[in-house]
Every structure is written in C-alpha cells, then in structure tokens.
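Secondary and tertiary structure notes
Each chain, letter by letter, is given below.
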Amino acid sequence: ADAGEEVQLVDEAPAAGAREAREEVILCIDSLEAFITELTTDSKERGGFLKAVRTSASSALKRLHSLVRTRCRDAYQAEQKQGEVEASLQEVEQDNAGLRRVLNQMLATEADYQTKSEEREQTIADMEASLDEADRRIEQLVAELNGARQELA
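Notes on the structure in this doc start here. The structure displayed is predicted, hence computed values, not measured ones. (Residues numbered from 1 in each chain as written. Predicted model: local features only at pLDDT ≥ 70, side-chain atom pairs only at ≥ 80, totals over all residues. Heavy atoms only, no water.)

What to know about the overall build of the protein
Each helix and strand in the protein was counted, giving two helices and zero strands. When each of the 153 residues of the protein is scored for burial, the buried share is 8%. If you sum the accessible surface of the protein, you get close to 13,000 Å²; carbon and sulfur atoms cover 56% of it. (Helix = DSSP H or I, 4+ residues; strand = E, 2+ residues; numbered from the N terminus. Buried < 20%, exposed > 50% of the residue type's maximum accessible area, 1.4 Å probe, protein only. Areas by Shrake-Rupley, 256 points an atom, 1.4 Å probe, with all protein chains shown as cover.)

Right, dumping it as structure tokens:
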C-alpha cells in the first residue's frame, strides 16, 4: 500500500466510528419520539426504556466527542508538522540559493583564472620567441665577431 492508501485507511476508522455514533444518536432520538408517542406502555416500562435510551445516547455522544477530540488533535498536530516542514523547506531553499551564489562565484573565479592562465601562456610564448630571436642574433654577432678576428689576424 502506498502512503495515500495508508492515510485513507487511517481516516476511515474515525469516520466510520463517527457515522456509527451518529446513527446511534439518531436511533435514540427516534426511540424517544416513539416513546413519547406510545401511549399504551405503562410508566415502569417507560422509565426503563427511557433509561436505556439515555444510556445509549450518552455512550454514543461520548464516543462521538472522543472521535471529534482525536480528529482535532490530529489536525492540530498536522498543522504544526506542516509549519515545521514549511520552515525546513524555506531553510533548504535559502541554503540552495546560497550554494548557487557560491557556485556562480566559483565559476566566475575559474573563468578569470583560465583567462589569466591563457594570457600568461601567451606571454611565455612571446618571451620564448624573443629568446629564440636573441639567440639567433647572438649567434650572428658571434659569427661576425669571429669573422672580424680572422680578418685582423
């Protein structure tokens, strides 16, 4: 059984009890009406009948009262639990929003670092090209210097 069926089964028991108590109260009222309209019964029988009706009605009303109190308590507890769940949900949503902000900041920082890394790689490549050019120029100057020494010697 899924959760919806469990709730329905839990709710049916008090409802059935309330219907039964209501039917008993209606039966008691009907019996009282019959008692009042019955003129052929003597007073001793009427007293016993009235006492039985009163006992039955009292019992039914007590059960009905108990069921109503139980349902009210359940409703109050459900309302409290709903408030707790809503507060918890709000906290989760706030945490989620905070985490999204942090994640967005981290992504922005990562993009910034990626850009800086690419710029530095380009700077390094430019410096290496400059060093290669300087090495070629040094080799050329050394060759010219050696050529000039040979001419002087």
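A word on the pattern of salt bridges
Pairing is possible between side chains of opposite charge, provided their charged atoms come close. Taken as a whole and assessed by the stated rule, the structure comprises four salt bridges. Residue Glu133 is joined to Arg136 by a salt bridge in which the shortest nitrogen-to-oxygen separation is 2.9 Å. With Glu133 and Arg136 both in helix H2 (residues 43-152) and three residues apart, this pair spans about one turn of that helix. You can call Glu133 partly exposed: its relative accessible area is 45%. (Salt bridge = Lys/Arg side-chain N within 4 Å of Asp/Glu carboxyl O.)

Some details on a negative patch on the surface
Together, Glu128, Asp132, Asp135 and Glu139 line one region of the surface with negative charge. Locating Asp135 in the fold gives a position in helix H2. Since its relative accessible area comes to 43%, Asp135 is described here as partly exposed. (Patch = residues over 30% accessible without salt bridge, like charges linked within 9 Å, V, L, I, M, F, W, Y side chains within 5 Å. Lys, Arg positive; Asp, Glu negative; His and termini not counted. Charge placed at Lys NZ, Arg CZ, Asp CG, Glu CD.)

Digging into the environment of Arg54
Counting through the fold element by element, Arg54 comes out in helix H2. Put simply, Arg54 and Ile29 are 25 residues apart on the chain and 9.7 Å apart in space, counted from C-alpha to C-alpha.

What to know about the environment of Cys28
Locating Cys28 in the fold gives a position in helix H1 (residues 3-37). Among the residues examined, Cys28 registers a relative accessible area of 4% and is labelled buried. Separated by 22 residues in sequence, Cys28 and Leu50 have C-alpha atoms that sit 9.6 Å apart.

Purely geometric numbers; function is a separate question.
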